[in-house]
Amino acid sequence: MISRWTTAVIDTELPGGWAVARSPEGFLFDDNGALFPREWLKRQDLSILAEHGIGHLDGEPVYLLELQGTQEIAGCNWKGLRAFMLEDDHTLYKVLGYAAQIGTWAREHRFCGSCGKRMSQVPRERAMYCDACDLRHYPRISPSMIVLITRGDEVLLARSPRFVSGVYSTLAGFAEPGESAEDCLVREVREEVSVEVKNIQYVGSQCWPFPHSMMLGFHAEYASGDIVPQEDEIEDAQWFNVHNLPPLPASRSIARYLIDLYVARRLGHAEPVLPG
Ligand SMILES: NC(=O)C1=CN([C@@H]2O[C@H](COP(=O)(O)OP(=O)(O)OC[C@H]3O[C@@H](n4cnc5c(N)ncnc54)[C@H](O)[C@@H]3O)[C@@H](O)[C@H]2O)C=CC1
Ligand SMILES: [Mg+2]
Ligand SMILES: [Zn+2]
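If you're wondering where the values come from, they're calculated on a predicted model, not measured in any experiment.

Below, the discussion takes up the coordination of the magnesium ion (ligand 2). Bound to the magnesium ion (ligand 2) are the protein donor atoms A172 (O) and E192 (OE), situated 2.1 to 2.2 Å from the metal. A residue pair is termed long-range when its members are at least 10 positions apart, and A172 in strand β13 (residues 171–174) and E192 in helix α4 (residues 181–193) qualify at 20 residues.

Have a look at this one:
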């Protein structure tokens, strides 16, 4: 399959191409989508914090304009990345997911974290450079473990107070310095539900640009302990039978994939494909 979208570092001095505009309110869009002719977009009255060349879509260069705030543009509106994720255009979601991560990084790395001076883009590399410190700052990626714990026909699912009402999901958490992926998984499971696991198996990974997680997905078997939900973090956690599952997370998430995969294997159905 030919990939329609490839990331690249493109010189912002070059003319032309497409551009996406991102503000704290989300991405600009109109009836034609979220990609605009870049020269036209730059003629609008936008408060641009940073501009980055981010890749090629069907061979055409694409740029990101990271904005201070929203602007009224006739016929256009603003929409968050999660809304784009739930729509059918997977390629557009990939473009905007990448743009969002670069945008977050660009916004938060205009000044050197070491000396506070303004930094500049490194040509041909996705990095910001501090001249005074001779220091490069790269986009931030946060490794996060996500695990489906099973016990025969049962799966352990939990809900955070932040979830959509009724939805239960797999356990997840950010890696801390000094941890392996497996250490993190064991710690997160202990913290969130007070359960011990065994036979930890890596399943697959997914970029999760909310705002910069790299999800590492695992399957683990229950070993011991009774469920005790972590105060404040976990509203409820339960064992659910694969024949009687609660409302689950969105189909594009690796959480949903881990659940669907186990259920498919258990019931002898066709296995799902991990969404990119
Ligand atoms: N794609 C998917 O299917 C799913 C993705 N996720 C993602 O996994 C990630 C971790 O899940 P949570 O349960 O929220 O994490 P968590 O269990 O580690 O708890 C969140 C807490 O971690 C701390 N934190 C925030 N950002 C951090 C960072 N970059 N590094 C270290 N600690 C940080 C904060 O104290 C925050 O309150 C989140 O980005 C979440 O959106 C979670 C579930 C499903
Ligand atoms: Mg968690
Ligand atoms: Zn510096």
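This brings us to the sheet that holds strand β9 (residues 128–130). The pairing of strands in a sheet comes from backbone hydrogen bonds and takes either a parallel or an antiparallel form. The strand order across the open sheet formed by three strands is β8-β9-β10, and the pairing between neighbours is antiparallel. Two strands lie at the open edges of the sheet, namely β8 (120–121) and β10 (135–137), each paired on one side alone. For β8 and β9, the ladder comprises two bridges, and the chain directions are antiparallel. Each bridged residue has a counterpart across the sheet, and for S120 the counterpart in β9 is Y129.

This part is about the coordination of the zinc ion (ligand 3). At this site the zinc ion (ligand 3) is bound by C112 (SG), C115 (SG), C130 (SG) and C133 (SG), with donor distances of 2.2 to 2.4 Å. Here the donor residues for the zinc ion (ligand 3) map to a single chain with the spacing C-x2-C-x14-C-x2-C. Linking C112 in the loop between α3 (90–108) and β8 with C130 in strand β9, this pair joins segments that are 18 residues apart in sequence. Among the residues examined, C112 registers a relative accessible area of 4% and is labelled buried.

Basis of the calculations
Residues numbered from 1 in each chain as written. Chains lettered and ligands numbered in written order. Predicted model: local features only at pLDDT ≥ 70, side-chain atom pairs only at ≥ 80, totals over all residues. Heavy atoms only, no water. Donors = N, O, S within 2.8 Å, 3.2 Å for Na, K, Ca; no water. Helix = DSSP H or I, 4+ residues; strand = E, 2+ residues; numbered from the N terminus. Pairing = 2+ DSSP bridges. Buried < 20%, exposed > 50% of the residue type's maximum accessible area, 1.4 Å probe, protein only.

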